[in-house]
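Below, each chain spelled out in residue letters.
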Amino acid sequence: MTHERLTHADRCYLTSGPAPLVPVLPAPPLQGAAGWRFKERRQSRPRRGRTQEGVQKDRENLSCSYCLTGVKAHWDNEDEDKICCPQCRRKVTPSPVLHKDTMLEDPNKTGVQAAPADPRWAGPEDVGPEVSPEPLQQRVQDSEEDVEALQREVEAIDHDADRAVEDSEEIFSEMIRLMAEKRRHVEQQVRAQQQKEVSRVREQLHRGLENPPDPGRSPSIRPPRYFEEVAAVTSKLRDQVQDVLNEMQIDFSPAGPTEPEPKTRSEFMAYSREITLDPNTANRRLLLSEGNRKVQRMPEAQGYSSHPDRFSYYGQVLSNQSLTGRCYWEVDWGDGEGGVAVAYKDIGRDGEGHQSLFGRNERSWMLYGNSDSYQFYHDSLATPVPGPWSSRVGVYLDHGAGVLSFYCVSEMMTLLHRVQTTFTQPLHVGLRPYFDGIAAELCDLKSTQAVPLPLPDRDSGSGFTAMR
């Protein structure tokens with residue numbers, strides 16, 4: 001049997017089991033041996049944008065005229081031992097079962113969901129009435145503007161970071177230069193004193209040789225302790241610089257709305273911190289106990305050694321821990337009178353000026369209370385604070401948000417005073433018992449759950465005076 005090429009633009013995928021045969025190539029119309037005619041079609045695949053109904057109709061025509069009926073009739077007229085494809089003449093034994101091509105099948109019948117068209121890659125004929133070229137153009141323009149904005153933000157971040165690094169390098173270089181100058185100055189002072197002392201000793205030696213001392217007498221020689229003060233001063237400077245560097249913290253947290261403050265005591269307890277008092281800061285008339293959590297003012301001085309961090313005049317003490325982030329602690333005063341404070345570590349320590357007194361300078365904030373009233377102090381400004389009396393005061397700090405709040409501790413926390421400011425350094429807790437015998441204790445909130453205190457009757461005559 002003579003084989004001729006098949007119709008132009010028709011496609012037929014012949015399968016034998018899972019393996020497809022070679023697709024039929026395009027050919028002009030012809031009359032087959034079985035008496036059937038291949039119908040010529042200019043387009044066997046529907047154009048983009050045609051309806052699914054049209055696609056299904058074309059598929060049915062192709063199946064009737066060619067794919068199923070025509071090929072089967074062609075093979076039925078050939079001998080069993082030389083069944084072959086009408087196009088490539090590949091022999092197939094036995095005659096394969098022809099399967100319907102489902103590439104253009106109706107997805108409603110096959111269960112296959114047609115993928116939605118992506119408007120980014122659509123041609124003009126593929127864009128439905130709901131997506132016009134104008135919206136597409138606007139989307140592209142918006143995307144380009146977003147990309148440009150992000151690029152500008154990246155450039156700004158790079159510029160600010162480079163500037164911050166350059167500024168810090170300049171500042172640290174200046175600090176190193178100042179330290180080097182101070183070192184040279186100290187060295188010059190030491191060498192000058194060295195020459196002075198050596199000249200004195202040599203002069204004394206010269207006089208001794210010219211005028212020998214009486215038998216049994218020797219020249220007086222002072223012990224070699226001329227330069228011990230130098231080591232003490234430089235050691236103190238080193239410790240101060242080390243403290244400053246250790247407390248240097250940079251807050252890179254993103255700016256934005258702060259989280260809501262706790263309301264109930266259990267919510268506050270989630271931020272509780274273990275805080276102890278630093279004996280090196282305690283005034284000599286303050287006695288620390290209970291693992292340095294309790295302080296009591298005594299009538300006589302205690303046996304503390306000298307320390308540059310010690311408050312020399314006021315009966316005050318600071319905590320060991322520096323506080324940042326969100327923190328909560330409680331102070332139990334009993335029936336005493338005193339102040340609960342927070343302060344920067346560089347608050348003054350010497351003398352009776354305001355620079356070393358809690359609440360009287362810009363480096364500290366203090367709530368003072370007794371059985372009659374509350375007062376809040378900052379930078380020598382006193383603010384009356386109305387509120388119920390409580391022997392226990394809770395303090396909440398949100399360092400990043402600049403929030404400092406004082407509460408009357410009970411089942412329902414009562415806000416006494418709230419400060420909104422900007423903290424530039426880590427804070428230390430401060431306590432100040434006002435009179436001899438008065439004690440205050442930082443409550444151990446981690447190991448023991450403190451018993452909530454009931455609110456007193458406001459008409460009972462006892463009440464703190466604190467600010468809203």
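Scroll up to find the structure.
Residues numbered from 1 in each chain as written. Predicted model: local features only at pLDDT ≥ 70, side-chain atom pairs only at ≥ 80, totals over all residues. Heavy atoms only, no water.

*Asks:* Tell me about the overall build of the chain, residues and numbers included.
*Replies:* For the chain, the helix and strand inventory stands at 6 helices and 15 strands. Relative to its full complement of 468 residues, the chain shows a buried share of 34%. Roughly 29,700 Å² of accessible area belongs to the chain as shown, and the carbon and sulfur atoms make up 52% of that amount. (Helix = DSSP H or I, 4+ residues; strand = E, 2+ residues; numbered from the N terminus. Buried < 20%, exposed > 50% of the residue type's maximum accessible area, 1.4 Å probe, protein only. Areas by Shrake-Rupley, 256 points an atom, 1.4 Å probe, with all protein chains shown as cover.)

*Asks:* Residue-level account of the side chain of D309, with values.
*Replies:* Here D309 is to be found in the loop between strand 4 (294-297) and strand 5 (317-318). No salt bridge is formed by the buried D309, whose closest oppositely charged neighbour, R349, lies at an N-O distance of 4.1 Å. In this view, D309 contacts N280, T281 and R349; residues no more than four positions away in its chain are not counted. (Lys, Arg positive; Asp, Glu negative; His and termini not counted. Salt bridge = Lys/Arg side-chain N within 4 Å of Asp/Glu carboxyl O. Contact = heavy atoms within 4.5 Å.)

*Asks:* Residue-level account of the sheet that holds strand 10 (residues 381-384), with values.
*Replies:* Strand pairing within a sheet occurs via backbone hydrogen bonds; the two strands may be parallel or antiparallel. Across the sheet, 6 strands lie side by side as 5-14-7-8-9-10; this open sheet has antiparallel pairing. Each having just a single partner strand, strand 5 and strand 10 make up the two edges of the open sheet. (Pairing = 2+ DSSP bridges.)

*Asks:* Hey, could you go over the sheet that holds strand 15 (residues 439-442) for me, with residue numbers and the actual values?
*Replies:* In spatial order, the strands read 3-4-15-6-11-12-13; together these 7 strands make up an open sheet with antiparallel pairing. A strand with exactly one partner marks an edge of an open sheet, and here the two such strands are strand 3 (286-289) and strand 13 (414-420). Strand-to-strand twist in this sheet, taken as the mean axis angle between neighbours without regard to direction, amounts to 20°. Where strand 4 and strand 15 come together, 3 bridges link them in antiparallel fashion. Its bridge partner being in strand 15, Q296 is matched across the sheet by A439. (Axes fitted to C-alpha atoms, helices over the stretch in contact; angles between N-to-C directions.)

*Asks:* So, unusual backbone geometry: which residues are in play, and what are the values?
*Replies:* Look at E290: it is not a glycine, yet its phi comes out positive at around 55°. Not every positive phi belongs to a glycine, and S380 is a case in point at roughly 70°. With respect to the element layout, S380 can be found in the loop between strand 9 (374-378) and strand 10. Judged by relative accessible area, S380 falls into the partly exposed class, the value being 39%.

*Asks:* Could you give an account of the environment of A401, naming the residues involved and the relevant values?
*Replies:* The topology assignment puts A401 in the loop between strand 11 (392-398) and strand 12 (403-408). The spatial distance from the C-alpha of A401 to the C-alpha of G325 is 8.6 Å, given a sequence separation of 76 residues.

*Asks:* Report on the nonpolar core, specifying residues and quantitative values.
*Replies:* Considering soluble globular proteins, one finds that nonpolar side chains tend to be buried as a cluster. Within the largest apolar cluster, 36 residues are counted, with the highest numbers of intra-cluster contacts made by W329, W365, L404, F406 and L431. Each residue touching L404, except ones within four places of it in the same chain, is listed here: V342, W365, V395, Y396, L397, H417, R418, V419 and F423. (Core = buried A, V, L, I, M, F, W, Y, C linked by side-chain atoms within 4.5 Å.)

*Asks:* Explain the pattern of salt bridges to me, and be specific about the residues and the numbers.
*Replies:* Pairing of side chains with opposite charge becomes possible as their charged atoms draw close. With the rule as written, the count across this model stands at 15 salt bridges. Overlapping salt bridges bring together R265, E330, D332 and R392 as one network.

*Asks:* Outline the pairing of strand 13, supporting the account with residue identities and numerical values.
*Replies:* Sheet analysis places strand 12 next to strand 13, joined by 6 bridges and oriented antiparallel. Directly across from F406, in strand 13, lies its bridge partner H417. Linkage of strand 12 to strand 13, two consecutive antiparallel strands, is achieved through a turn of 5 residues.

*Asks:* Go over a nonpolar patch on the surface with me, naming the residues and quoting the values.
*Replies:* Residues I171, F172, M175, M179, L237, V241 and L245 make up a contiguous nonpolar surface patch of about 590 Å² in total accessible area. Elements represented by at least two residues in the nonpolar patch include exactly helix 4 (133-210) and helix 5 (228-247). Tallying contributions element by element places helix 4 first for the nonpolar patch, with 4 residues. Here I171 shows up in helix 4. (Patch = residues over 30% accessible without salt bridge, like charges linked within 9 Å, V, L, I, M, F, W, Y side chains within 5 Å.)

*Asks:* I'd like to hear about the packing of aromatic side chains, residue by residue, with values.
*Replies:* A full pass over the atoms with the stated rule returns 11 aromatic pairs. Ring centres of F311 and F358 lie 5.7 Å apart, and the angle between their planes is 80°; on these two criteria the pair is classed as edge-to-face. You can see F311 sitting in the loop between strand 4 and strand 5 and its partner F358 sitting in the loop between strand 7 (338-343) and strand 8 (364-369), a full 47 residues away along the chain. On the basis of relative accessibility, which here comes to 1%, the residue F358 falls in the buried class. Their ring planes at 80° and their centres at 5.6 Å tell us that Y344 and W365 sit as a pair that is edge-to-face. In this pair, Y344 is assigned in the loop between strand 7 and strand 8 and W365 in strand 8, connecting sequence segments 21 residues apart. Take Y344 and W365: they sit in the same class, and that class is buried. In this structure an aromatic cluster arises from ring pairing among F268, Y271, Y328, Y396 and Y407. Its guanidinium or amino end placed over the ring of F311, R349 lies 5.2 Å from that ring's centre, counting from NZ or CZ. The side chain of R432 reaches across the aromatic face of Y434, ending 4.2 Å from its centre. (Phe/Tyr/Trp six-rings, centres within 6.5 Å; stacked < 30°, edge-to-face > 60°. Lys NZ or Arg CZ within 6 Å of the ring centre and 35° of its normal.)

*Asks:* Outline a negative patch on the surface, listing residues and values.
*Replies:* On the surface, E155, D158, D160, D162, E166 and E169 cluster together to form a negatively charged patch. The topology assignment puts E166 in helix 4. Residue E166 is classed as partly exposed on the basis of its relative accessible area of 49%. (Charge placed at Lys NZ, Arg CZ, Asp CG, Glu CD.)

*Asks:* Tell me about the pairing of strand 14 (residues 428-433), and name the residues and values.
*Replies:* Across the 6 residues that make up strand 14, a large majority, 6, are buried. Both faces of strand 14 are covered, namely the face carrying H428, G430 and R432 and the face carrying V429, L431 and P433. In this sheet, strand 14 lies alongside strand 5 in antiparallel orientation, the contact comprising 2 bridges. Paired with L318 across the two strands is G430, which belongs to strand 14. Both strand 7 and strand 14 contribute to a ladder of 6 bridges, which runs antiparallel. Residue pairing in the sheet places V342 in a bridge with V429 of strand 14.

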